[in-house]
Amino acid sequence: MAKTLYDKVWQAHIIDQIGEDSLIYIDRHLIHEVTSPQAFAGLNEKGRKVRRPDRTVGTMDHSISTRSLAIDACGPANALQLQTLAKNCEEHNIQLFPVGHQKQGIVHVMGPELGLIQPGMTVVCGDSHTATHGAFGALAFGIGTSQVEHVLATQTLKQSRAKSMLINVNGKLPVGITAKDIILAIIGKIGHAGATGHVIEYAGEAIRGLSMEERMTVCNMAIEAGGKNGIIEADDVTLDYVRQRTDAPYKIYRSDNDAQYFFKKTYNASEMEPIVAKPHSPDNKAKVSECLDVKLDRAYIGSCTGGKITDFRAAARLLKGKKVKIDTFIVPATREVEQDLYKEKIGGETLMDIFKNAGAYLGDPSCAACLGGPKDTFGRAKDNQVVISTTNRNFPGRMGSKQAYVYLASPYTAAASALTGHITNPAEFINN
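Residues numbered from 1 in each chain as written. Predicted model: local features only at pLDDT ≥ 70, side-chain atom pairs only at ≥ 80, totals over all residues. Heavy atoms only, no water.

A few words on helix 2 (residues 37–45). Along an α-helix, residues three or four positions apart point the same way, because every turn accommodates 3.6 residues. Looking only at helix 2, the buried set comprises A39, F40, G42 and L43. Down the axis of helix 2, the buried set is contained in an arc of 160°. They therefore lie on one face. Projecting away from the buried face of helix 2 at angles above 90 degrees are the exposed residues Q38 and E45. For helix 2, the elements touching its buried residues are strand 3 (28–31), helix 3 (76–91) and helix 5 (145–154). G47, located one to two residues past helix 2, shows a positive phi value of around 70°. (Buried < 20%, exposed > 50% of the residue type's maximum accessible area, 1.4 Å probe, protein only. Helix = DSSP H or I, 4+ residues; strand = E, 2+ residues; numbered from the N terminus. Arc of directions from axis to C-beta. Contact = heavy atoms within 4.5 Å.)

Below, the structure written as structure tokens:
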């Protein structure tokens, strides 16, 4: 029987069948400070050890201070989370990338950078946007705290089988259209619950033409369409990225040509335009050309969705030699991305200098305002501000104030809008 990519990775990891559910083996378990404390507490209460500490990796990203590297600078509650994670990782011999470590960063970007994610893997984390790792041809999904405990104890997880949907994006993308525009267009078409209970497999010429970082953006936001996760077949682009970071063995799976999908949809990339998601839902799609009269108070370029090096290359291309008209916040996803901002140049000027000279504010690598955070969080939305952001969610209060209005956009659109003070088509600057 013909099988999808998801079918093959799933079946390769089945250990046992429990009624209609399957017990699957987990190759990589990523943890952070928010969803792991109770899991470790449960583990310790039962006197259990971590089954495979060598397959578990931790980082600090959600609750860290954006003002200081000191753990106690982030407030008592957040400091306790960070201290607890450090204690648990030490006790269970789990590798941890703490605040200040040169490889620390948002878990969904740090993992691939470190070569921890390979094709054909099963990857879990107590975080919904674990779907990001599906860009590597891996089966990756977020889990709850009780499931985190189960994986720590057994390196397995009981799961129900999902349905598969195939989304093809054919043709070539116009200049200035990015992965973020693709996924916002898709979410706008199928709705925030359109992929509920499904794995979204992305395919087509336009998807294959994306960098790994851009593919990560597309898979990341499968969650905003209600999907269980997103996945893309591994190809030469994938393998080049992985081989630069690890020599670990892996197995590549591909969908059969006659594989059956519950749902199929094809989009023409050449017809795509810059897109925004208007407040207060990622599926509230509109063309940038329809929102040119929206005045903005600030721009935010960062997060696991919009804080990778490709995102900053795009933004810097537009900001070079210009000045922003609104408060603009730049937040690298990881320390490695931050270091790259000092190394990569456009016209002899580093990306970091381009941002500084444009008048943008530079923050430390973290989730920062994407998750709201305390009132002094870097880039946090205040009062009824109107914000354009490269993050993945624009629900009320998501970036701070519940009265704020957040428009989701690509790094190109966010940068162009920062230069004018209103939502702006990046073509206005790209073609100059």
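Under the counting rule described, the total for this entry stands at five aromatic pairs. Aromatic side chains F312 and F355 sit 5.9 Å apart centroid to centroid with 75° between the ring planes, which places their arrangement in the edge-to-face category. Pair noted here: F312 is in helix 11 (residues 309–319) and F355 is in helix 13 (residues 351–358), with a separation of 43 residues, a long-range link. We classify F312 as buried; its relative accessible area is 0%. Between F329 and F378 the ring centres are 5.1 Å apart and the planes differ by 85°, which places this aromatic pair in the edge-to-face class. (Phe/Tyr/Trp six-rings, centres within 6.5 Å; stacked < 30°, edge-to-face > 60°.)

Attention shifts here to the sheet that holds strand 8 (residues 156–160). In space, the three strands of this open sheet follow the order 1-2-8, with antiparallel pairing throughout. Strands at the two margins of the open sheet, each flanked by one partner only, are strand 1 (14–18) and strand 8. Looking at each pair of strands side by side, their axes are set apart by 25° on average, direction ignored. Across five bridges, the pairing between strand 2 (residues 21–25) and strand 8 is antiparallel. The residue of strand 8 that forms the bridge with I24 is L157. Across the face of the sheet, helix 5 comes into contact with strand 2 and strand 8 while running at roughly 135° to strand 8. (Pairing = 2+ DSSP bridges. Axes fitted to C-alpha atoms, helices over the stretch in contact; angles between N-to-C directions.)

Further remarks concern the packing of helix 2 against helix 3. The contact between helix 2 and helix 3 brings their axes to 10 Å, and the two run at 40°. The orientation of helix 2 with respect to helix 3, classified from their angle, is oblique. Where helix 2 crosses over helix 3, the handedness of that crossing is left-handed. Residues P37, F40 and N44 of helix 2 lie in contact with helix 3, whose contacting residues are T84, N88 and E91. (Parallel < 35°, antiparallel > 145°, perpendicular 65-115°, else oblique. Left-handed = near helix turned anticlockwise from the far one by under 90°.)

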